[in-house]
Every structure is written in C-alpha cells, then in structure tokens.
Amino acid sequence: MATVLRLVLLVIIFCGSAPGARTQELDVNQEAGLAPLPQVANYGICKSMVEIHGYVCQEHTVTTEDGYILSLQRIPAGRSSGDTPQERRPVLLQHGVLVDGAIWLLNLPHQSLAFILADGGFDVWIANSRGTKWSRGHTSLSSDDPAYWDWSWDQFVEYDLPATFQYVHHQTGKKIYYVGHSQGTLIALASFSQEKLLNLLKSAALLSPIAYLGQVPCPLARSAAEVFIAELEFYLLITTCFCFFMCTTSFPWRLGVDEFDPKGKAVDKLLKAICNKPGINCYNLFTSFTGKNCCLNSSTVDFFLEYEPQSTATKNMIHLAQMIRGGSITMYDYGDKDKNVKHYGQPTPPVYNMSGIPSDIPLYLSYGGKDKLSDVNDIQALLYSLKDHDRDKLVVQYQEDYAHADFVMAMNAKQMVYDSPMAFFRLH
C-alpha cells in the first residue's frame, strides 16, 4: 500500500495521467539486458548515480547569503571526450518542486539530459534546492528547526539562484547556459523579470515552464485554491491531478507548518484519507499513471519511487497554491496587510512582471499538450507577456503527447525535446 500511495503522489506531482493519452510503457533496462538502476546510497549523487556509468563527477557546495548550504554536482566531460572543461561551456540544470538533481539522471545515459549534455560537449552542473536530501545544511540552523523552513521560492530567486550562478561562473570563468524544469523555470523567469543573473547568463531552456497557474484545468484544484487559509493555518489536499492546493478542516489532522515531507506521516495520512474517500480508487490511479502517461519506462518510475519525492517548505507549497488562487505571479502573500507592509513596504506582495524580461535574452520554451501543471492556456498567457521579445531570441516547442514528467523522464526525450535546445545553445 505504501508504494501505491507514493505512486499516487507521483501522479499528483506530475499530473501526467490524462484519459486517452497515448501510452508507451516499457522496461528498457530489462529489454537491453541491463541490471536495474541502483538505489541511491548515503554517499552522494556522484558516486551513486554518475560514476557508476563511467563519468567523472565532482561534488561541490555553495553557501547562500542567508546561510543555506547547497549541493552541486559537476560532470566536467563526457565518457569518451578528449577535451577539458576549459574548452566546454557550463550548463546549469535546475529541477522542480518535490524532487532534486537526481531527476536529471534517472534514465540510462543516452536518455538522461545531464549525461546527454556531457557527451554533447557541455560542462554540466546539477543544482539541488534547499531542503532536499543533499542540500539540508545551514551555517547556523538545523533542518529540525522550524526557522530553517521559513522560505518559499522567493528565496530561490533572491539567494539560491544568484549564489549558484556566481559559484559556477567563478569556477569556470564563463557565462552559463541554464536548463530549468517546472519550478526551476519559475525562479528563472522571476529572476529575469527583475533583470537578475543577466550578466552571467548565456541563454536558457525552460522545460514545462511554470509562470502563470491561473488556468490549471483540474476543477477540484481550482475550487480548493479559491479558499483562502491564513498564514501557517492550512491543510493540503492532494487530488488525482494536482498537488498544490489546500483541504478543508474536515480532515482531523494537520500538516506541519515547517517542512513539507511527501514521505512523512502527515502526507501518508492525507493520502490514506483520500484513498478511502468514496469514488477514489488508488489502484486505478496506479494503472492510470503507468498505463496512460506518455513515454516513461517502469524501471525509471520504480527508481523514482525509491529516491523521490523530496521535501520542500510548507511555505513554498502555500506560495504555489496562492498562484493558482490569484492567477498572477507575485511574491509570497502573508495574508495580512500589516505583515506585507513589514516585508515589502506595501500592503500587497510585489508582482513579478513577465513582460519586464529583457527582449534580447535567448529563451527556448518547451511545453506539452497533456501537461496539467504547465497548462497550455497558462503558457499562452506567458507567451503573450513575451510578445515583444526579439523573434530570433525566442523559440517555442510544443509536444502534443508530453505531460509534466516526460520532459525529465521520457525514454524518447532526447529526440523529442533535448536535441533542439542543445542546438539552440550552440547558436546562442
């Protein structure tokens, strides 16, 4: 039951199961006669997931201005290349919410973006957001302290992304190519709208871009997100198609106000409560995920369930829920005018203005027709905000059968998605 519940959460996070979606579910490892993907041990991503495939890998850390110690992995070269990192352009990979940098390494090397980039001539850097397994350090706080979890994705924009960019630039001396998925695109777009990082950026590829969330198509998600819950007093309702919304007080338990741990007891209770509700069959959700989503293989999903999902801050989940409810892209709303004035100097949270993104930044956007997080209508709103962008600096790719997870886990993502932004990087 626990495995099924975790898979339910995976379905929810990635919103990948759409009735009628074309399915391709294969166990590539078994077909190729390869051993199953290994479990991630306690000695880091490099040894567990990179070096086993014959790549050189380095573990790095960077400390943010507010004291968080973030883990970075560097793959400086491909398996068979004879060049050196000095001859390669750095590319930074930034994952989304409730996962970490391992998401870029789950498939075999010829299917995983980090390895594909390394073999394609790039100096690959993999970021891990604060609060995830390898980025739980702090200069003065323990992750057991509620104060450690007092952040949302605003702090990724303010602290984490600048610190990571500066570190990679310092190590390489070169401007950086950026690849983000899901929340990794949101923090990049928000940064660019404030004209941050531009002096260190070469170009950016945004997969399943998240900016506007006002058109999320799941009716239950939208109705739940309409309900305002005051600061630190909220309940999270996970449904079959979206994870970022809050439930009513009819549930007799509370999620914590600090760490949101998808593997914790509170979420376990939440999932069990949902699975026991009339009309919801979690085993059907299992079938829906493995049978309806495009282009994932079962070994990758099994490995994902062993390692992911990862923790984030409860405050971060509230912030994402606010975006659904409000339909705009603003900083975290403290739900009280006085508190907002204290933090921002104004009664409402400041807006991240997407139309303020400089028009000459080379941007590559790739989105999918089955994606319930990065919805097609929300993407159109983002593109409208970018309507004045230089035409030769904005490329948009649409994959009709792709859902949210396909962009990082699909077996055919190299051919369907990755080859194009790599070519875009070489031009820009």
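Within each chain, residues carry numbers counting from 1 in the order of the written sequence. Residue-level local features of this predicted model are given only where pLDDT is at least 70; pairs of side-chain atoms are given and counted only at 80 or more, and the full residue set underlies all totals for whole chains, interfaces and linings. Excluded from the side-chain calculation are hydrogens and water; included are all heavy atoms of the structure.

*Asks:* Honestly, the overall build of the protein in this entry has me stumped. Any pointers?
*Replies:* By definition, any uninterrupted DSSP run of H or I lasting at least four residues is a helix, any uninterrupted run of E lasting at least two residues is a strand, and each is numbered from the N terminus. When you go through the protein residue by residue, the secondary structure sums to 15 helices and 11 strands. The buried label goes to any residue with under 20% of its type's maximum accessible area, the exposed label to any with over 50%, and the partly exposed label to all in between, with areas taken from a 1.4 Å probe on protein chains only. Within the protein, the fraction of its 428 residues that count as buried is 59%. Here the protein displays about 16700 Å² of accessible surface, and carbon together with sulfur accounts for 49% of that area. Residue exposure ignores everything except the shown protein chains as possible cover, and the areas themselves are Shrake-Rupley values with a 1.4 Å probe.

*Asks:* Where do I start with the confidence of the model for the protein in this structure?
*Replies:* The predicted coordinates ought not to be read in detail in places where the model reports low pLDDT. In predicted models, pLDDT denotes the confidence assigned by the predictor to each residue on a 0 to 100 scale. In the predicted model, the protein carries a mean pLDDT of 80, and the fraction of residues at 70 or more is 72%. Confidence drops under pLDDT 50 across residues 1–41; counting only partners more than four residues distant or on other chains, this segment forms 120 contacts. Two residues qualify as a contact provided that any one of their heavy atoms is within 4.5 Å of a heavy atom in the partner residue.

*Asks:* Explain the state of the cysteines here, please?
*Replies:* Linking two cysteines covalently via their sulfur atoms produces the bond known as a disulfide. Pairs of cysteine sulfur atoms within 2.5 Å are what we label disulfides. One pass over the structure, following the stated rule, counts one disulfide. Here Cys46 connects covalently by a disulfide to Cys57, the sulfurs 2.0 Å from one another. Between Cys46 and Cys57 the disulfide shows an S-S torsion of about -65 degrees. By sign, it is left-handed. Of the two residues, Cys46 is situated in helix α3 (residues 45–50) and Cys57 in the loop between α3 and β1 (58–63); the sequence distance between them amounts to 11 residues. Exposure remark for Cys46: the relative accessible area of 2% places this residue in the buried category.

*Asks:* So what exactly am I meant to see when it comes to the side chain of Thr64 here?
*Replies:* Inspection of the secondary structure assignment puts Thr64 in the loop between β1 and β2 (68–75). Identification of polar contacts relies on pairs of N or O atoms within 3.5 Å, with a donor-acceptor requirement for protein atoms, meaning one able to donate a hydrogen and the other able to accept it, and with residues adjacent in sequence counted only if both atoms are side-chain atoms. Within the local environment of Thr64, its side chain forms a polar contact with the side chain of Asp66, the two groups lying 2.5 Å apart. Those residues in contact with Thr64 that lie beyond four places of it in its chain are Leu70, Arg130, Tyr159, Asp160 and Ala163.

*Asks:* Would you take a moment to explain the nonpolar core for this structure?
*Replies:* General note: in soluble globular proteins, nonpolar side chains tend to be found buried as a group. Among the buried residues, those of types Ala, Val, Leu, Ile, Met, Phe, Trp, Tyr and Cys that are joined through side-chain atoms within 4.5 Å form a nonpolar core. Counting residues in each nonpolar core, the largest one holds 59 residues, and the members touching the most others are Trp153, Phe165, Tyr178, Ile329, Met354 and Leu363. The element contributing the most residues to this core is helix α5 (residues 153–172), with eight residues. In this structure, Met354 is in contact with Leu189, Ala190, Ser193, Ala211, Tyr212, Ile329, Leu382, Ser385 and Leu386, ignoring residues within four places of it in sequence. Ranked by size, the runner-up nonpolar core spans 49 residues in total, among them Tyr55, Leu93, Ala102 and Cys294.

*Asks:* So what exactly am I meant to see when it comes to the side chain of Asn128 here?
*Replies:* Within the secondary structure, Asn128 sits in the loop between β4 (122–127) and β5 (137–138). Asn128 sits in the buried class, given a relative accessible area of 2%. At 3.1 Å, the side chain of Asn128 forms a polar contact with the backbone oxygen of Ser71.

*Asks:* Mind showing me how you'd approach the pattern of salt bridges here?
*Replies:* As a working rule, side chains carrying opposite charge can pair if their charged atoms are close by. Salt bridge, as used here: a side-chain nitrogen of Lys or Arg that lies within 4 Å of a carboxyl oxygen of Asp or Glu. This structure, assessed with the given rule, holds seven salt bridges. Residue Glu51 pairs with Lys47 through a salt bridge whose shortest N-O separation is 3.7 Å. Linked through salt bridges whose partners overlap, the residues forming this network are Asp66, Arg130 and Asp160.

*Asks:* I would appreciate a short explanation of the packing of α5 against helix α6 (residues 183–193) in the present structure.
*Replies:* The packing of two helices is summarised by the inter-axis angle and the distance between the axes. Packing of α5 against α6 brings their axes to within 9 Å, and their N-to-C directions diverge by 70 degrees. Here α6 runs roughly perpendicular to α5, going by the angle between their axes. With respect to the hand of their crossing, α5 and α6 are arranged in right-handed fashion. On the side of α5, the interface is formed by Trp153, Phe156, Val157 and Leu161, while α6 contributes Gln183, Leu186, Ile187, Ala188, Ala190 and Ser191. Here the nonpolar group is Ala, Val, Leu, Ile, Met, Phe, Trp, Tyr, Cys and Pro; Asp, Glu, Lys and Arg are the charged ones; every other residue, Gly included, is treated as polar. Looking at the contact of α5 with α6, its residues break down into eight nonpolar, two polar and no charged. Angles shown run from 0 to 180 degrees and are taken between the N-to-C directions of axes, each axis being a line fitted to C-alpha atoms and, for helices, limited to the stretch in contact. Orientation labels follow simple angle bins: below 35 degrees gives roughly parallel, above 145 gives roughly antiparallel, 65 to 115 gives roughly perpendicular, and whatever is left gives oblique. Handedness of a crossing is defined here by the sense of rotation of the near helix relative to the far one, left-handed for an anticlockwise turn of less than a right angle and right-handed for a clockwise turn.

*Asks:* Sorry if this is basic, but what is going on with the packing of aromatic side chains here?
*Replies:* Centre distance and the angle of the planes are the two values used to describe a pair of aromatic rings. Only the six-membered ring of Trp is used, alongside the rings of Phe and Tyr, when aromatic pairs are assigned; centres must lie within 6.5 Å, and planes under 30 degrees apart are stacked while those over 60 apart are edge-to-face, with the rest tilted. According to the stated counting rule, one finds 16 aromatic pairs in the structure shown. For the pair Tyr367 and Tyr398, a centre-to-centre distance of 5.0 Å together with 50 degrees between the ring planes defines the contact as tilted. Here Tyr367 is found in strand β10 (residues 363–368), whereas its partner Tyr398 is found in strand β11 (residues 394–399), with 31 residues between them in sequence. Taking relative accessible area as the criterion, Tyr367 reaches 8% and is therefore assigned buried. Owing to a relative accessible area of 41%, Tyr398 belongs among the partly exposed residues under this scheme. Judged by centre distance (5.1 Å) and plane angle (80 degrees), the ring pair of Tyr402 and Phe407 falls under edge-to-face.

*Asks:* Could you clarify how one ought to interpret α5 in this entry?
*Replies:* In an α-helix, one full turn covers 3.6 residues, which means residues spaced three or four apart are oriented alike. If you check α5, its first and last C-alpha atoms are 26 Å apart, about what 20 residues at 1.5 Å a residue would give, namely 28 Å. Within α5, the axis deviates most sharply at Asp160, by approximately 35 degrees, and proline Pro162 lies no more than four positions further along. One or two residues past the end of α5 sits Gly173, with phi positive at roughly 75 degrees. Multiplying 1.5 Å by the helix residue count minus one yields the expected span of that helix. The quantity called bend is, for any residue, the angle between two axes fitted respectively to the seven residues ending at it and the seven beginning at it.

*Asks:* Any chance you could explain the environment of Gln171 here in plain terms?
*Replies:* Residue placement: Gln171 occurs in helix α5. For the pair Gln171 and Pro90, spaced 81 residues apart in the sequence, the C-alpha separation amounts to 9.6 Å. Setting aside anything within four residues of it in sequence, one finds Gln171 in contact with His60 and Trp125.

*Asks:* I'm lost on the UniProt feature "active site" (unreviewed entry) in the protein in this one. Help?
*Replies:* UniProt positions are given in the numbering used here, feature names are shortened, and annotations may be inferred rather than shown by experiment. When the UniProt feature table is mapped onto this chain numbering, "active site" (unreviewed entry) sits at Ser182, Asp371 and His404. Spatial clustering of the annotated residues is evident: they stretch over 223 residues in sequence, but the largest pairwise C-alpha distance comes to 10.7 Å. Tracing the backbone through its elements, the reader meets Ser182 in the loop between β6 (176–181) and α6. According to the relative accessible area criterion, Ser182 is buried, its value standing at 8%. Discounting chain neighbours no more than four positions away, the residues touching Ser182 are Gly96, Leu207, Ser208, Ile210 and His404.

*Asks:* For this particular structure, what's the right way to read unusual backbone geometry?
*Replies:* With the exception of glycine, most residues fall at negative phi, and the peptide bonds are largely trans. Of note in this structure, Leu98 is not a glycine but carries a positive phi near 65 degrees. Counting through the fold element by element, Leu98 comes out in the loop between β3 (89–94) and α4 (113–119). Of note, the phi angle at Ser182 is positive, near 55 degrees, even though the residue is not glycine.

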